[in-house]
Amino acid sequence: MSKPLLQRNSLFLLTWLPVVLLVCLFAFYVLLRLQGDHMQEEQLLLKQRNVLTTFINKSGNMERHIEGEYSIDEMKDSHFAVSHQSRDTAVYYDDQKKSVPFQILSRAYTVNNRNYLVTTYVSSTEIAHLIIKVFIAQFLILILLMMAIVFLNRKSAVFLWQPFFSAIKKLKEYDIKTNQLVELPDETGTTEFDQLNKTAAGLISNSNTAYHQQKQFVENASHEIQTPLAIIRSKLELLINQPNLTEKQASLLGDITEANERLSLMNRTLLLLAKIENNHFPETEAVHVSPIVEQMIATFQNHYDDFPELDMDLQPNVVLTANRSLIEILLSNLITNAIVHNVPGGKIIINLSLSGFLIENTGPPLDIEPEELFGRFKKGSHTTKTTGLGLAIVRQVCNLYHYPVSYQSSNGWHRITVSFA
Amino acid sequence: MKLLVIEDETSLLKSIIEYFTQEDFLCETAGTFKEGIEKAEDFQYDCIILDINLPGGSGLKILEYLRQHKKSDGVIIISARDSLDDKIAGLDLGADDYVTKPFHLSELNARVKALIRRKYAQGTSALEMGTLHVNLLSRTVTCNNQHILLTRNEYDLLVFLLNNKERVVGKQAIAEHIYGDQADNMPSFDFVYSQIKNLKKKLKDKGCEDIIQTVYGLGYKLSL
């Protein structure tokens, strides 16, 4: 599961910062403890010196025991073992009715040939309290610090990653067909993002060039093919006018002519497809659809002796803002399609309304997948003089003007709907 | 009749010349812009067939030059189909007609003849063949002085054949002449056959028998 970068970063910090902080706290505690012990040791030693000095100066005329401060004990034996380390002990206070922890240090001294054991006391409570208070303060500071780190990190990330998110947004809007222009700034203030933008811009420009070249290629190729086709056509015309043409030769010429005409038609259609794709029809006007359909139907009925039975319902006042030629090509291709792929004694239903153009015809079942129907060179039935490009053009025009186009088939009927949405 | 063909595609140029020479035109050729403008400058032609894309410059410039110098040669522009801009520019500059490539020679021939008739032979706008007579102004057809009523398509077809008489005219050429770009959408040329059949029958009814011959399924030929 992928999570947003910010969230991952915060999670990472929140996982590892407490660990680091706990280790720091522990180290701090140990250091503080050591320092505290050292300080108590120093205090004990200082007291020892003070007590001893006073004792010598006053020639022993001083209080020998002050609870919690010091005690001076005269020893019989000069060879008794004394720890040079300080020790923990507790002194019971009657008035407070509790024992208080103390740190004590005992040292043996010889004053005027008499042995004394001087023990000094330092209360452990204060230092323990101090350590606890410092420790708590430290803990609070570290918690605050952690929150500040996470917070600042989030804030700075939003700020620092801004060029990245803006680049992502722009790249999302990029579409090789409709929106080829992506402006990514060269200078974002961050080297990595500069590199990212430069790389993305390079990739985009390469794809655009390749796409453009590929589109141009079809157009240029079709354009170049036109001339040889025109030459062949003219030579064939001269050839069929040669005297003493035999029937065999004429039949061969007829076949060549037919193939050449098919090739020309295919080439013209490909050129048209390329031109629609390359936006060579930018002019638009208000196009009234119903008169165009009526006129086309009249022409087609005139052409075809076996024009299928027609059921036509045209709503007047259907006006499209589009290129007139393209709309004519669109309608003519749809109607021709319905005539050519019909069955003898078949029927055509045409319905034009503000919502769209619907054309339905009887016909043999498709022998290709319905979704392939609008592809190039996809022919349901192999009629000789069709190019297999008619519906590809329909789709291309519909794509250009964002008219959704769909195909349905049921019970020997084929229906194509173009929505003027 | 003098004809100048300015076209850079040698092969196509040769075809045009051959076709028009057979039609008894006196043909001159030019393959480049320079050559074209020199010939157009020095001589007077009845018709100039002018390609737009020429090495050395646009054919439209030659047309512009001609019209600026008050030369009234008939000009038919030939250029790639669907260059609508060229078509508009050409007609604006004073071209008499416009044919898109690839064209049928029979179509070009019909256009040239129509142009020459319009330009130089007003009053005698009639086509004749044997007892068949077509008045192009009133668009009436008579055979043996008997009026024949033709549909628009049949009339166009007959005039097209008359302009290309004694020649085999292909089915495709006829289809494109009558229906223009619409012919592209037709899955067969059967309708040409039925138009010819109707025309033949109407001509036969008035005594113009067998002037339209079918040439091995290639096309049709009008001859006596």
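Parameters and conventions
- In every chain, residue numbers begin from 1 and rise along the written sequence.
- As a convention, the first chain written is A and the first ligand written is 1, with the rest following in written order.
- Given that the model is predicted, a residue must reach a pLDDT of at least 70 before its local features are reported, and side-chain atom pairs must reach 80 or more before they are shown or counted; all residues, however, enter totals for whole chains, interfaces and linings.
- Labels follow the DSSP assignment, with helices taken as runs of H or I lasting at least four residues and strands as runs of E lasting at least two, numbered in each case from the N terminus.
- Here exposure depends only on C-beta density: within 10 Å of a residue's C-beta, 20 or more other C-beta atoms make it buried, 12 or fewer make it exposed, and intermediate numbers make it partly exposed, the C-beta atoms being placed from the backbone.
- Two residues form a contact once the distance between their C-beta atoms, set from the backbone, is within 7 Å.
- Each pair of strands is called paired provided DSSP finds at least two bridges between the two strands.
- Amino acids outside the nonpolar list (Ala, Val, Leu, Ile, Met, Phe, Trp, Tyr, Cys, Pro) and the charged list (Asp, Glu, Lys, Arg) are all regarded as polar, and Gly is one of them.
- Axis lines are fitted through C-alpha atoms, for helices just across the contact stretch, and the angle between N-to-C directions can take any value from 0 to 180 degrees.
- These descriptions rest on fixed angle ranges, namely under 35 degrees for roughly parallel, over 145 for roughly antiparallel, 65 to 115 for roughly perpendicular, and the rest for oblique.
- A crossing counts as left-handed when the near helix is turned anticlockwise from the far one by less than a right angle, and as right-handed when that turn is clockwise.
- Expected helix span is taken as 1.5 Å per residue step, with the number of steps being one fewer than the number of residues.

Undergrad: When you look at the overall build of chain A in this model, what are you seeing that I'm missing?
TA: Helix and strand counts for chain A stand at eight helices and 12 strands. Out of the 421 residues in chain A, the part that is buried amounts to 21%.

Undergrad: Whenever I open this one, the overall build of chain B confuses me. Can you help?
TA: A count of helices and strands for chain B gives eight helices and 14 strands. A burial count over chain B gives 41% of its 224 residues as buried. Within chain B, contacts between residues at least 6 apart in sequence are counted, and of these 57% link residues at least 24 apart.

Undergrad: So what exactly am I meant to see when it comes to the pairing of strand E10 (residues 356–362) of chain A here?
TA: The side chains of a regular strand alternate between both faces of the sheet. Residue and element names in this part refer to chain A. Most of E10 is tucked away: five of the seven residues are buried. One ladder, built from six bridges, connects strand E9 (residues 347–353) with E10; its direction is antiparallel. From the neighbouring strand, Ile-348 faces E10, where its bridge partner is Asn-361. Two successive antiparallel strands, E9 and E10, enclose a turn made up of two residues. In this sheet, strand E12 (residues 413–419) lies alongside E10 in antiparallel orientation, the contact comprising seven bridges. Residue pairing across strands places Thr-362 opposite Trp-413, the latter belonging to E12.

Undergrad: Help me understand the interface of chain A and chain B in this model?
TA: How big an interface is tends to be expressed through the accessible area that disappears when the partners come together. The partner chain B presents 30 residues to the 31 residues of chain A that form the contact. Looking at the side of chain A that touches chain B, its residues break down into nine nonpolar, 14 polar and eight charged.

Undergrad: Help me understand the sheet that holds E12 of chain A in this model?
TA: In a beta sheet, neighbouring strands are held together by backbone hydrogen bonds and run either parallel or antiparallel to one another. Residue and element names in this part refer to chain A. On the basis of which strands lie adjacent, the open sheet formed by five strands has the order E7-E9-E10-E12-E11 and mixed pairing. Each having just a single partner strand, strand E7 (309–314) and strand E11 (405–410) make up the two edges of the open sheet. On average, each strand axis in the sheet is inclined to that of its neighbour by 10°, with strand direction left out of account. Where helix H7 (residues 324–340) meets the sheet, it contacts E9, E10 and E12, and its direction lies at approximately 15° from that of E10.

Undergrad: What is the right way to read unusual backbone geometry from this model?
TA: Leave glycine aside and you will find that most residues have negative phi; peptide bonds, for their part, are mostly trans. All names here are of chain B. Note that the residue after Lys-101, namely Pro-102, is joined by a cis bond; omega there is -10°. For Pro-102, the location among the structural elements is in the loop between strand E7 (97–101) and helix H5 (105–120). Even without being glycine, Arg-139 reaches a positive phi, approximately 55°. Phi angles above zero are rare outside glycine, and Tyr-216 is one such case at about 40°.

Undergrad: I keep staring at the packing of helix H4 (residues 191–239) of chain A against helix H5 (residues 247–277) of chain A and nothing clicks. Help me out?
TA: A packed helix pair is summarised by two numbers, namely the angle formed by the two axes and the spacing between the axes. Residue and element names in this part refer to chain A. Between H4 and H5, the shortest axis-to-axis distance is 9 Å and the interhelical angle comes to 155°. Taken as axis vectors, H4 and H5 run roughly antiparallel relative to one another. Handedness of the crossing formed by H4 with H5: left-handed. On H5, the residues that touch Lys-215, Val-218, Glu-219, Ser-222, His-223, Ile-225, Gln-226, Leu-229, Ile-232, Arg-233, Leu-236 and Leu-239 of H4 are Leu-253, Ile-256, Thr-257, Asn-260, Leu-263, Ser-264, Asn-267, Leu-270, Leu-271, Ala-274, Lys-275 and Glu-277.

Undergrad: I tried to follow helix H8 (residues 390–401) of chain A on my own but got confused; where do I start?
TA: Count 3.6 residues to each turn of an α-helix, and residues three or four apart come out pointing the same way. Residues and elements named next belong to chain A. Across its 12 residues, H8 extends 17 Å between first and last C-alpha, which sits within 8% of the 16 Å expected from 1.5 Å per residue. Along H8, the positions that sit buried rather than exposed are Gly-390, Leu-391, Ala-392, Ile-393, Val-394, Gln-396 and Val-397. Those residues of H8 that are buried lie in contact with H5, H7 and E11. Immediately downstream of H8, the backbone of His-402 shows phi near 55°, a positive value.

Undergrad: Sorry, what's going on with the environment of Pro-370 of chain A here?
TA: Residues and elements named next belong to chain A. Within the secondary structure layout, Pro-370 lies in the loop between E10 and H8. The partly exposed category is assigned to Pro-370, around which 13 C-beta atoms lie within 10 Å. Note: C-alpha distance between Pro-370 and Ser-409 (39 residues apart in sequence) is 8.7 Å. Ignoring sequence-local partners within four residues, the contact set of Pro-370 consists of Tyr-407 and Ser-409.

Undergrad: Honestly, the packing of helix H6 (residues 289–303) of chain A against H7 of chain A in this entry has me stumped. Any pointers?
TA: All names here are of chain A. As a packed pair, H6 and H7 sit with axes 10 Å apart at the nearest point and diverge in direction by 40°. In terms of orientation, H6 and H7 fall into the oblique class. For the pair H6 and H7, the crossing hand works out as right-handed. On the side of H6, the interface is formed by Ile-292, Val-293, Met-296, Ile-297 and Phe-300, while H7 contributes Ile-327, Glu-328, Leu-331, Ser-332, Ile-335 and Ile-339. In terms of residue class, the contact of H6 with H7 is built from nine nonpolar, one polar and one charged.

Undergrad: Before we go on, may I ask you to explain the pairing of E12 of chain A in this structure?
TA: Residue and element names in this part refer to chain A. Burial along E12 is one-sided: His-414, Ile-416 and Val-418 are buried, and none of Trp-413, Arg-415, Thr-417 and Ser-419, which face the opposite way, are. Here E11 pairs with E12 via six bridges, running antiparallel. The partner of Ser-410 across the bridge, within E12, is Trp-413. In textbook terms, the turn of a hairpin is the stretch between consecutive antiparallel strands, and for E11 and E12 this stretch comprises two residues, one of which, Asn-411, has a positive phi near 45°.

Undergrad: Help me out: how do you make sense of helix H2 (residues 125–160) of chain A in this one?
TA: With 36 residues, H2 of chain A extends 51 Å from end C-alpha to end C-alpha; this agrees with the ideal 52 Å at 1.5 Å per step. Little of H2 of chain A is tucked away, with one of its 36 residues classed as buried.

Undergrad: Before we go on, may I ask you to explain the sheet that holds strand E2 (residues 26–30) of chain B in this structure?
TA: All names here are of chain B. Taken together, five strands build an open sheet; the order of strands is E2-E1-E3-E6-E7 and the sheet is parallel. Across the chains shown, the open sheet's two edge strands, defined by having one partner strand only, are E2 and E7. Neighbour to neighbour, the strand axes of the sheet diverge by 20° on average, direction disregarded. The sheet contact formed by strand E1 (residues 2–6) and E2 spans five bridges and is parallel. Directly across from Lys-2, in E2, lies its bridge partner Leu-26. Each of E1, E2 and strand E3 (47–51) is contacted by helix H2 (residues 33–42), which is oriented at about 140° to E2, the strand it contacts most.

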